[in-house]
Amino acid sequence: MKIELSPLPYAMDALESSISSKTLELHYGRHHRGYVEKLQGLIEGTTHEGAELEHLVTNSSGAIFNNAAQVWNHSFYWNSMAPGGGGQPGGRIGVAVNRSFGSFAAFREQFKSRAVGLFGSGYLWLTLDPGNEQLALEALKDADNPMLHERIPLLGMDVWEHAYYLDYQNARDRYVETFLTNLANWRFADANLEKAA
Ligand code: MN
């Protein structure tokens, strides 16, 4: 399968009050596209050419891993947000959050402290342990991905500075708060949970 830039699941200005179109133009149009193009160049003419993206994420190292994981992680992050998202989840994911964290309020607090506390670049992931069906938050550095730690990603938030610096400058806490209040795509998380179960 050809490695391609996946389409943004909404218009460039769809998250405007939370994430500006300027940020998305740079983040999606330059950073994400850059990882796709870099990966295409790295695998061209190698045994990795034609491999599925997920296979490259879980079976490579070095520059190929870094770029493949960043391509995968960014597609997942775009889908982890939606216009009119955020707030308390319902459905199966709502039940799972309450069961695993005690309450939605406790989940929110842990989400904020883990996202703000991740030193440097990385992602905060809401994950499922397929062994015991418990959800957990994993703050992973750089391009690291829960699939490499036997966990299934349900929702992912990019906390590299390029994700929020234009809109929030150094205030990562405000970006995280906005993600929880206005952006988190619980329908996507619910679908991921459904698929995994
Ligand atoms: Mn990013």
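Cut-offs applied
Residues numbered from 1 in each chain as written. Predicted model: local features only at pLDDT ≥ 70, side-chain atom pairs only at ≥ 80, totals over all residues. Heavy atoms only, no water. Buried < 20%, exposed > 50% of the residue type's maximum accessible area, 1.4 Å probe, protein only. Helix = DSSP H or I, 4+ residues; strand = E, 2+ residues; numbered from the N terminus. Arc of directions from axis to C-beta. Contact = heavy atoms within 4.5 Å. Polar contact = N/O pair within 3.5 Å; in protein donor to acceptor, adjacent residues only side chain to side chain. Salt bridge = Lys/Arg side-chain N within 4 Å of Asp/Glu carboxyl O. Domains from an automatic or database assignment. Buried area = accessible area lost by both parts, 1.4 Å probe. Pairing = 2+ DSSP bridges. Axes fitted to C-alpha atoms, helices over the stretch in contact; angles between N-to-C directions. Left-handed = near helix turned anticlockwise from the far one by under 90°. Nonpolar A, V, L, I, M, F, W, Y, C, P; charged D, E, K, R; others polar.

A.B. asks: In this structure, what is going on with helix H4 (residues 91-101)? I would like to understand it.
C.D. replies: Spacing of three or four residues puts side chains on the same side of an α-helix, whose turn is 3.6 residues. Three or more residues of H4 are buried, namely Ile93, Gly94, Ala96, Val97, Ser100 and Phe101. All buried residues of H4 lie within an arc of 165 degrees about the axis, which places them on one face of the element. More than 90 degrees from the buried face of H4, the exposed residues found are Gly91 and Val95. Its buried side turned inward, H4 meets helix H5 (104-117), strand S1 (122-128), strand S2 (135-141), strand S3 (152-158) and helix H8 (186-196). One or two residues past the end of H4 sits Gly102, with phi positive at roughly 100 degrees.

A.B. asks: Looking at this structure, I do not really get the side chain of Thr178. What am I missing?
C.D. replies: Here Thr178 is to be found in helix H7 (residues 172-183). A polar contact of 2.8 Å, which involves the side chain of Thr178, links it to the backbone oxygen of Arg174.

A.B. asks: In this structure, what is going on with the pattern of salt bridges? I would like to understand it.
C.D. replies: Close approach of charged atoms lets side chains of opposite charge pair. Overall, the coordinates contain six salt bridges when judged by the stated rule. The closest approach of N and O atoms between Lys112 and Glu177, which form a salt bridge, is 3.1 Å. Here Glu177 lies in helix H7 and Lys112 lies in helix H5, a separation of 65 residues in the sequence. Taking the relative accessible area as the measure of exposure, Glu177 reaches 29% and is therefore partly exposed. The salt bridge involving Arg151 is made with Glu138; its shortest N-O contact spans 3.2 Å. Of this pair, Arg151 sits in the loop between S2 and S3 while Glu138 is found in strand S2, placing the two residues 13 residues apart along the sequence.

A.B. asks: Explain the domain arrangement of the protein chain to me, please; I cannot follow it from the model alone.
C.D. replies: Quoted interface sizes are often the accessible area lost when the parts come together. On domain assignment, one finds that the protein chain holds domain 1 (21-79) and domain 2 (91-196). Using only C-alpha atoms to locate each centre, domain 1 and domain 2 end up separated by 21 Å. The interface is formed by 19 residues belonging to domain 1 together with 24 residues belonging to domain 2. With both chains or domains summed, domain 1 and domain 2 bury close to 1700 Å², and 66% of this area falls on carbon and sulfur atoms. In terms of surface lost to domain 2, no three residues of domain 1 exceed Thr23, Phe76 and Tyr77, which account for 36% of the buried area on that side.

A.B. asks: Help me understand the pairing of S1, please; the structure alone is not making it clear to me.
C.D. replies: The side chains of a regular strand alternate, first on one face of the sheet and then on the other. Of all seven residues in S1, seven are buried, a share of seventy percent or more. Residues of S1 alternate between two faces, with Gly122, Leu124, Leu126 and Leu128 on one and Tyr123, Trp125 and Thr127 on the opposite face, all of them buried. Once S1 ends, the chain turns through six residues before running back antiparallel as S2, passing Glu133 with a positive phi of about 60 degrees. Where S1 meets S3, six bridges bridge the pair, whose relative direction is antiparallel. Considered in S3, the bridge of Tyr123 is made with Asp158.

A.B. asks: Mind showing me how you'd approach the packing of helix H1 (residues 21-43) against helix H3 (residues 62-79) here?
C.D. replies: Relative placement of two packed helices is described by the angle separating their axes and the distance separating the axes. Running from amino to carboxyl end, H1 crosses H3 at an angle of 145 degrees, the nearest separation of the two axes being 9 Å. The interaxial crossing formed by H1 with H3 has left-handed handedness. Here Leu24, His27, Tyr28, His32, Tyr35, Val36, Lys38, Leu39, Leu42 and Ile43 of H1 come into contact with H3, specifically with Ala63, Ile64, Asn67, Ala68, Gln70, Val71, His74, Ser75, Tyr77 and Trp78. Partitioned by chemical class, the residues of the contact of H1 with H3 number 13 nonpolar, six polar and one charged.

A.B. asks: Before we go on, may I ask you to explain the sheet that holds S3 in this structure?
C.D. replies: The pairing of strands in a sheet comes from backbone hydrogen bonds and takes either a parallel or an antiparallel form. One open sheet accounts for three strands, arranged S2-S1-S3; its pairing is antiparallel. In the strand order of this sheet, the two ends are held by S2 and S3, each with one partner. Averaged over all neighbouring strand pairs, the angle between strand axes comes to 25 degrees, with direction disregarded. Contacting S1 and S3, H3 crosses the sheet at an angle of about 85 degrees to S3.

A.B. asks: It is not clear to me how unusual backbone geometry should be interpreted in this structure. Could you clarify?
C.D. replies: It is generally the case that most residues other than glycine have a negative phi and that most peptide bonds are trans. Although it is not a glycine, Glu133 adopts a positive phi angle of roughly 60 degrees. Within the secondary structure, Glu133 is located in the loop between S1 and S2. Unusually for a residue other than glycine, Asp142 sits at a positive phi of about 55 degrees. With respect to the helices and strands, the residue Asp142 is situated in the loop between S2 and S3.

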